[in-house]
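Okay, here's what each chain looks like letter by letter:
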Amino acid sequence: MNKPLLAALSCLAMAGLGATPAVAAPHTAKAAAVTVNFAGTVSLSNCSGSVIRFPNSADTDPALVLTNGHCLETGFPEPGEVITGQSSSRSFGLLNASGSRVATLRANQVVYSTMTDTDVTIYRLTTTYAQIKSAYGISPLTVNDTHPTAGTAIKVVSGYWKRTYSCNVDGFVYRLKEGDWTWKDSLRYTSSCNTIGGTSGSPVIDTTTGKVVAVNNTGNEDGERCTENNPCEVDENGNVTVRQGINYAEETYQIPACFTTGNKLNLSASGCVLPKP
């Protein structure tokens, strides 16, 4: 898992590289890429994240923050564990387009957290989208509600390091196993998204739509097989593949169906397939 690498001077040096500027697209029939920057991303004490909304969220709803399950402040959820409605006072540094911290946002609840089948934590903030927009001019990122597509150009935007990684969706993994945890239908990056510790929880953004399609969570660091920080791919027949240096994310398209009016979690809602407590 992409936990922060404390005192890793190489990571600090990499962080100083900053985001790669977008290159103007040639005039073709393809849809033009949107500008992806740091606006709406957040820095956590040990991870990255983003202020998110769903297609049916209202401006007056309490804002939500998306990060990884393994970024939860109370520790990793156990295999099979699903946490809902847990009190929280966690703070987040809100970033603007250039990556400057413009505000501190605070949570009052862990709405949902698990490391089973996926690796997500969703926090509820004490402020609404409208209040954030009015005070800081920053809008949330929208979570796409359809499955991502192989070959899609993406950016992984880390609020912790204030660094952007650019690559494509290489494909999808039937089961991604790391230590005691197993994740379903994970998204695999092409090699240029060489994410590091502290990028956990970063939004994975489709550069054509500007929408969140996944949340960055892990990579195989040492070439080991299915150990912590060395996830392995398992196919439908149980065959195991190890890809050292390749990184992964967990899809988020299935999350919107589990939230109803007022950004309220409803795990019994029609179409909601997230693991239940």
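Please read these numbers as outputs of a predicted model, since none were measured by experiment.

Conventions and cut-offs
- Along each chain, residues carry numbers from 1 onward, in the same order as the chain's sequence is written.
- The predicted nature of this model means local features are confined to residues of pLDDT at least 70 and side-chain atom pairs, given and counted, to a pLDDT of 80 or more, with totals for whole chains, interfaces and linings taken over all residues.
- Note that the side-chain values use all heavy atoms of the structure and ignore hydrogens as well as water.
- Two cysteine sulfur atoms make up a disulfide if the distance between them is within 2.5 Å.
- Secondary structure is summarised from DSSP: a helix means a run of H or I of at least four residues, a strand means a run of E of at least two, and numbering begins at the N terminus for each.
- A simple rule labels every residue: compare its accessible area, found with a 1.4 Å probe on the protein chains alone, to the largest value its type can have, and call it buried under 20%, exposed over 50%, or partly exposed in between.
- Each reported salt bridge corresponds to a side-chain nitrogen of Lys or Arg within 4 Å of a carboxyl oxygen of Asp or Glu.
- Two strands are said to pair when DSSP picks up at least two bridges between them.
- Side-chain rings of Phe, Tyr and Trp (the six-membered ring for Trp) are treated as a pair once their centres are within 6.5 Å; stacked means planes under 30 degrees apart, edge-to-face means over 60, and tilted covers the remaining angles.
- For a Lys NZ or an Arg CZ to count as sitting over a ring, it must be within 6 Å of the ring centre and within 35 degrees of the ring normal.

**Considerations on the state of the cysteines**
(1) Moving on: Tallying each qualifying case throughout the model produces four disulfides.
(2) Moving on: Residue pairing for C47: its cysteine sulfur links by disulfide to C71, the two sulfurs lying 2.1 Å apart. What sets the handedness of the C47 and C71 disulfide is the S-S torsion sign, and at about -85° it is left-handed. Pair noted here: C47 is in the loop between strand 1 (41-43) and strand 2 (48-53) and C71 is in the loop between strand 3 (62-67) and strand 4 (82-87), with a separation of 24 residues, a long-range link. C71 matches C47 in its accessibility class, with the two residues each being buried.
(3) Moving on: Sequence-ordered numbering of the disulfide-bonded cysteines in the protein chain gives the connectivity 1-2, 3-4, 5-6, 7-8.

**Details of the pattern of salt bridges**
(1) Moving on: Within this structure, the stated rule accounts for six salt bridges.
(2) Moving on: Salt-bridge contacts for R90 lead to E73; the nearest nitrogen and oxygen are separated by 3.7 Å. Of the two residues, R90 sits in the loop between strand 4 and strand 5 (91-95) while E73 sits in the loop between strand 3 and strand 4, which places them 17 residues apart along the sequence.
(3) Moving on: Taking relative accessible area as the criterion, R90 reaches 8% and is therefore assigned buried.
(4) Moving on: Owing to a relative accessible area of 35%, E73 belongs among the partly exposed residues under this scheme.
(5) Moving on: Across the salt bridge formed by R188 and E233, the nearest N and O atoms sit 3.0 Å from each other. Here the residue R188 occupies a position in strand 11 (residues 181-189), and E233 occupies one in strand 14 (residues 232-234), the gap between them amounting to 45 residues. Here R188 and E233 have matching classes, each one buried.
(6) Moving on: Overlapping salt bridges bring together D170, R188, E233 and R243 as one network.

**So, the pairing of strand 11**
(1) Moving on: Sheet analysis places strand 10 (residues 163-178) next to strand 11, joined by eight bridges and oriented antiparallel. The residue of strand 11 that forms the bridge with F172 is L187.
(2) Moving on: Following strand 10, the chain reverses through two residues before pairing antiparallel with strand 11; G179 in that reversal takes a positive phi of roughly 60°.
(3) Moving on: Looking at chain direction, strand 11 and strand 16 (residues 247-251) are connected through two bridges and run antiparallel. Its bridge partner being in strand 16, R188 is matched across the sheet by Y248.

**A closer look at the packing of aromatic side chains**
(1) Moving on: Inspection of every chain in the model, using the stated rule, returns four aromatic pairs.
(2) Moving on: Pairing Y160 with W161 gives two aromatic rings, centres 5.1 Å apart and planes at 85°, and the pair type is edge-to-face.
(3) Moving on: Using a relative accessible area of 10% as the deciding quantity, one classes W161 as buried.
(4) Moving on: Over the aromatic face of Y129 sits the side chain of R53, whose NZ or CZ is 5.4 Å from the ring centroid.
(5) Moving on: The aromatic ring of Y174 is capped on one face by R175, whose charged end is 4.0 Å from the ring centroid.

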